[in-house]
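# Inside the fold
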Amino acid sequence: MLKTFFKDLIKNKAMLLMVLPGTIWFFFFSYLPMAGTVIAFKQYRYSRDGFLASILESKWVGLQNFKFLFSTSDAYIITRNTVLYNVVFIVLGLFFSVAMAVILSEIVNKRLSKLYQTGMFMPYFLSWVIVGYFVFSFLSTDRGVLNHILTSLGKDPVSWYSESTAWPYMLVLISLWKSIGYNSVVYLAAIMGIDKSLYEAAMIDGANKWQQIRSITVPMLTPLMTILTLLAIGRIFYADFGLFYQVPRDSGALYSVTNVIDTYVYRGLKTTGEIGMSTAAGLYQSFVGFVLIIASNAIVRKFNKDNALL
Amino acid sequence: MRIKSKSKKSVLYGLTLLLSAGMVLSACGKNADNGGNTAASNSNTETSTEKPVELIWYTIGTPQKDVDKVMAEVNKYTSEKIGVTVKMNMLDWGDYDQKMKVMTASGEPMDIMFSASWAFDYVQNSRKGAFASLDELLQKEGKGITEVLDPAFLQGSKVDGHNYGIPANKELPAQEVWRFNKNLLDKYKLDIKGVGSLESLEPLLKTIKANEPTVTPFALDKNYVPYVPYDYIIQGLPMGVKLDSTDLKVVNVLETPEMKQALQTMRKYYKAGYVSAEAATTTSVSDLQTAGKWFLDRAATQPFADNAWSSSYGYPVVSTPASDSIIYNWSVMGSLQTISANSEHPDKAMAFLNLLNTDPYLRNLVDSGIEGVHYKKTADNRMENLADSKNYDMPTFSLGNIMLTYLNPSDPDNKWESFKEFNSAGKKAPTLGFNFDSSKVATELAAVQNVKEEFMSALYTGTVEPDEYLPKAVEKLNAAGFGKIIEEAQRQLDEWKAAQ
């Protein structure tokens, strides 16, 4: 067995070398910490003999650490907000990213196309803190652009950070603005990889642009769309902390529409610093994500085996 | 295809084997290491002629350029005197709490660490086992500390009967004051003689609002809490004991008449425009202070605070009391140096802390830097900053006994006497010496924290109508288990009282 192992190792060395950096990263940041999930079932206390001893010596508390996630009426709100926002982000994100990628690929002037692409790409690199201030310059009650426009039109200024009705739309808009550019580049790359002769053949058959997109581009992109969507579903219980914390400026009046699992955990534990409870929250999120990804993968496989992940 | 999948599997097996072997080995190695070091350190303390031991010191504040340079000077002195060198690591104000929590949890080697009621929580981390108990160490190596420190400090910073930290000798009670931008007071000839209560501010605020449209009359941010005479059990949670109570009854402060009235007043001020419309989401008003675009705010004071504020803002600031001067648990625990539970040289660390709190040369070296480089001495106990002091600008209160530090040019001669007077004038809060153990209600606390963040800033700053939102907040707090926390606090407090 060992002999064949080394033989394979040598045979595939180029490939293995290529996945090595990724493997190392995953090992240290995903697989190694997995052992730490045991902390979710313990009341973590420090031991003078280091981290491992602390884990071993802390006492078992069963599911006690999970309780705070489900103990109040907030449990419903945070779960609803997290899942619904993510569903909307996945659906709209997919639609607009693909649409943008198609549009960009159809622009004849390559220089302009690159310019638009870069422009759309930029917001992805901004941190949420900066985006938060950016939004604040629009929505500030006394100095915001939006309220200036409202008052110049003779309307009453709105105190945006204590008025929750508009926020679901704004959060969706801001999230899309920030992520579409990046995602559409992924699809654009896939479009570039489609064999040009397919389009030529279609044109000879008299297909117009719309028919080409519908019958060639979109079907060719489907495997990629499925994979990216499946991966997004796996993270459906994780909310983008910065979006829901920094952008609404942590305003209490907006919690009914901005409180998600991640912000709830942060607010609940930032003062007490109970590591067991935050580990429990993380484990719960990834467990639900795991179940969902397996389930949706099974569904995908039923329809089309090649598009499934596993 | 077959070969490929087989090779994939065998690679996987190989990797797993390698990794688990690595983990086992590293775990063993670590334990063996620890054992060896402890043995070595024991023999070290017996024969002090050995190489000096290095102490790792974590403290709060914006990292300074010249820390290593100054520490080299410190080490020259301490290695000779007590056989110790120190490596100081500074963590910035905003990072300290988070980073220390993570480093403690992961067992990072540390010897001395800063702790307080407001950063890297002293009581909670003592209970979680982050710090070494100092009871015996104080007897053995810390005699000097027990002599110079007001006994109220060591008494008040006990957790479950043990000392885990050395409080800095500084102001003991906490007193709130109303601070005023004196330029505006003078401009409109306003008098602050009769000012005291929140309500008494109204005529002054009105004048400023009417005449100075660009000035924020009442500067406050989202952390503002109206002052009410209650002794809070947990900082930031509206649960406390009335200051003049003798029966130690824990109540929901939101339901007290004092808080209800304060909230109504704040609402009135908010509606009148005395408070910024964004107060409930503002994290800091320092920009207003830098620009001088504020009229009044509330702050915690200490002797000669007006001088310090005026010189840091660059324009005169005056203040008048807004509360009595009270010694609270949290004011006693405003700044402590602790010894890490995993320290390999706890006695050496204590010897160093002892020297730091009693030796003027060492204390001023750590505080102001090297004489002739960062400051120059102008008299026996006076100094003046030199240009290089910007490379070593340390927070004085966080580094031990402040009463050993040299006076600045603007300080009066009787500065430390005034501190001592201020300390002895403070009244003791009813729960002084009691520390709530929150481990039984950790679940409820996490839920209640969320409700608190949802409602409190908006209520306290007057952003929302208390008639509507106060009942909502109380109801939601109770639904999250606030009643259970109050009950638990009452039970522990009764027990503590009985044991006194």
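Residues numbered from 1 in each chain as written. Chains lettered and ligands numbered in written order. Predicted model: local features only at pLDDT ≥ 70, side-chain atom pairs only at ≥ 80, totals over all residues. Heavy atoms only, no water.

## Thoughts on the packing of aromatic side chains
Here the distance between the centres and the angle between the planes together describe a pair of aromatic rings. Operational definition: Whether two aromatic rings pair depends on their centres lying within 6.5 Å, for rings of Phe, Tyr and Trp, where Trp uses its six-membered ring; planes under 30 degrees apart make the pair stacked, over 60 edge-to-face, and the rest tilted. Helical segments are the DSSP runs of H or I of at least four residues, strand segments are the runs of E of at least two, and each set is numbered from the N terminus. Buried residues are those whose accessible area, probed at 1.4 Å on protein chains only, stays under 20% of the maximum for their type, while exposed residues exceed 50% and partly exposed ones sit between those limits. Here, a charge over a ring is recorded when the distance from Lys NZ or Arg CZ to the ring centre is within 6 Å and its angle to the ring normal is within 35 degrees.
What the rule picks out here adds up to 47 aromatic pairs over all chains. On the numbers, 5.0 Å between centres and 55 degrees between planes, the contact of Tyr85(A) with Phe244(A) is tilted. Remark: Phe244(A) occurs in helix α12 (residues 241-245) and Tyr85(A) occurs in helix α5 (residues 74-106); sequence separation between them is 159 residues. You'll find Tyr85(A) and Phe244(A) in the same group, each marked buried. On the numbers, 5.6 Å between centres and 80 degrees between planes, the contact of Phe237(A) with Tyr284(A) is edge-to-face. In this pair, Phe237(A) is assigned in the loop between α11 (209-234) and α12 and Tyr284(A) in helix α15 (residues 275-303), connecting sequence segments 47 residues apart. The pair Phe237(A) / Tyr284(A) is uniform in exposure class, with both members buried. Taken together, the aromatic side chains of Trp93(B), Tyr96(B), Phe114(B), Trp118(B), Phe120(B), Tyr122(B), Phe131(B) and Phe397(B) make up a single cluster linked through ring pairs. The ring centre of Trp60(A) lies 4.4 Å from the NZ or CZ of Lys42(A), which sits over that ring. Across the ring face of Phe136(A), the terminal group of Arg249(A) is positioned such that the distance to the ring centre comes to 3.7 Å.

## Topic: the interface of chain B and chain A
So the rule is basically this: Between two residues, a contact is recorded if the distance between any of their heavy atoms is within 4.5 Å. Buried area, as used here, totals the accessible surface that two parts lose on assembly, with accessibility defined by a 1.4 Å probe and the loss added over both. Criterion for a salt bridge: a side-chain nitrogen of Lys or Arg within 4 Å of a carboxyl oxygen of Asp or Glu. Polar contacts, as counted here, are pairs of nitrogen or oxygen atoms within 3.5 Å of one another; within protein the pair requires one atom able to donate a hydrogen and one able to accept it, and residues that are adjacent in sequence qualify only if both atoms are side-chain atoms.
Residue-level contacts link 45 residues of chain B with 50 residues of chain A. Across the chain B/chain A interface, buried area totals approximately 4000 Å², and carbon plus sulfur atoms make up 56% of it. Of all residues in chain B, Lys128(B), Glu278(B) and Asn450(B) bury the most surface against chain A, accounting for 17% of the area lost on that side. At the surface where chain B touches chain A, the tally comes to three salt bridges. Close ionic contact of Glu453(B) with Lys270(A) constitutes a salt bridge, the shortest N to O distance being 3.1 Å. Linking chain B with chain A are ten residue pairs in polar contact (both at pLDDT 80 or more). Those elements that place two or more of their residues in the side of chain B that touches chain A are α1 (2-46), α3 (93-105), α4 (122-128), α17 (442-460) and α18 (466-479) of chain B.

## Looking at the side chain of Ser310(B)
Relative to the elements of secondary structure, Ser310(B) occurs in helix α12 (residues 305-313). Polar contacts involving the side chain of Ser310(B) include one to the main-chain carbonyl oxygen of Asp306(B), which spans 2.8 Å.

## Side note on the sheet that holds strand β10 (residues 239-242) of chain B
All names here are of chain B. Using the following cut-off: Pairing between strands is defined by DSSP: at least two bridges between them are needed. Note on geometry: axes are lines fitted to C-alpha atoms, helical ones only across the stretch in contact, with angles between N-to-C directions running from 0 to 180 degrees.
With respect to topology, three strands assemble into an open sheet ordered β9-β10-β11, the strand pairing being antiparallel. Bordering the open sheet on either side are β9 (230-232) and β11 (250-252), each of which pairs with just one other strand. Strand-to-strand twist of the sheet, defined as the mean angle between neighbouring strand axes without regard to direction, takes the value 50 degrees. Sheet topology note: the β9/β10 ladder contains three bridges and is antiparallel. In the strand pairing of β10, Tyr230 is matched with Lys242.

## A short note on the confidence of the model for chain B
All names here are of chain B. Note the cut-off: The predictor attaches a confidence to each residue, and that confidence, scored 0 to 100, is pLDDT.
Per-chain confidence: chain B averages 88 in pLDDT, with 90% of residues scoring 70 or above. Here residues 14-48 is a poorly scored stretch, pLDDT under 50, and it has 14 contacts once near neighbours within four places are set aside; other chains count. Per the prediction output, this complex has pTM 0.83; the corresponding ipTM is 0.82.

## Notes on the pairing of strand β12 (residues 294-300) of chain B
Residue and element names in this part refer to chain B. The element β12 is largely enclosed, with a buried count of five among its seven residues. Judged from the two bridges that link them, strand β8 (residues 216-218) and β12 form a sheet pairing that is parallel. Paired with Thr216 across the bridge in β12 is Trp294.

## Observations concerning the UniProt feature "domain: DUF3502" (unreviewed entry) in chain B
Under the convention used in this document: UniProt positions are given in the numbering used here, feature names are shortened, and annotations may be inferred rather than shown by experiment.
The sites that UniProt annotates as "domain: DUF3502" (unreviewed entry) are residues 430-498 of chain B. What you have in residues 430-498 of chain B is 72% helix and 0% strand, and the ends, taken at the C-alpha atoms, are 14 Å apart.

## A word on unusual backbone geometry
Residues and elements named next belong to chain B. The phi angle at Leu248 is positive, at roughly 55 degrees, despite the residue not being glycine. Relative to the helices and strands, Leu248 is located in the loop between β10 and β11. For Leu248, a relative accessible area of 5% translates into the label buried.

## Some remarks on the sheet that holds strand β7 (residues 176-181) of chain B
All names here are of chain B. Here we have four strands laid out as an open sheet, ordered β8-β12-β7-β13, and mixed in their pairing. A strand with exactly one partner marks an edge of an open sheet, and here the two such strands are β8 and β13 (317-321). Neighbour to neighbour, the strand axes of the sheet diverge by 30 degrees on average, direction disregarded. With five bridges joining them, β7 and β13 adopt antiparallel strand pairing. Bridge pairing links Arg179 to Ser319 in β13. Seen against the sheet, α12 touches β7, β12 and β13 and runs at an angle of roughly 150 degrees to β13.

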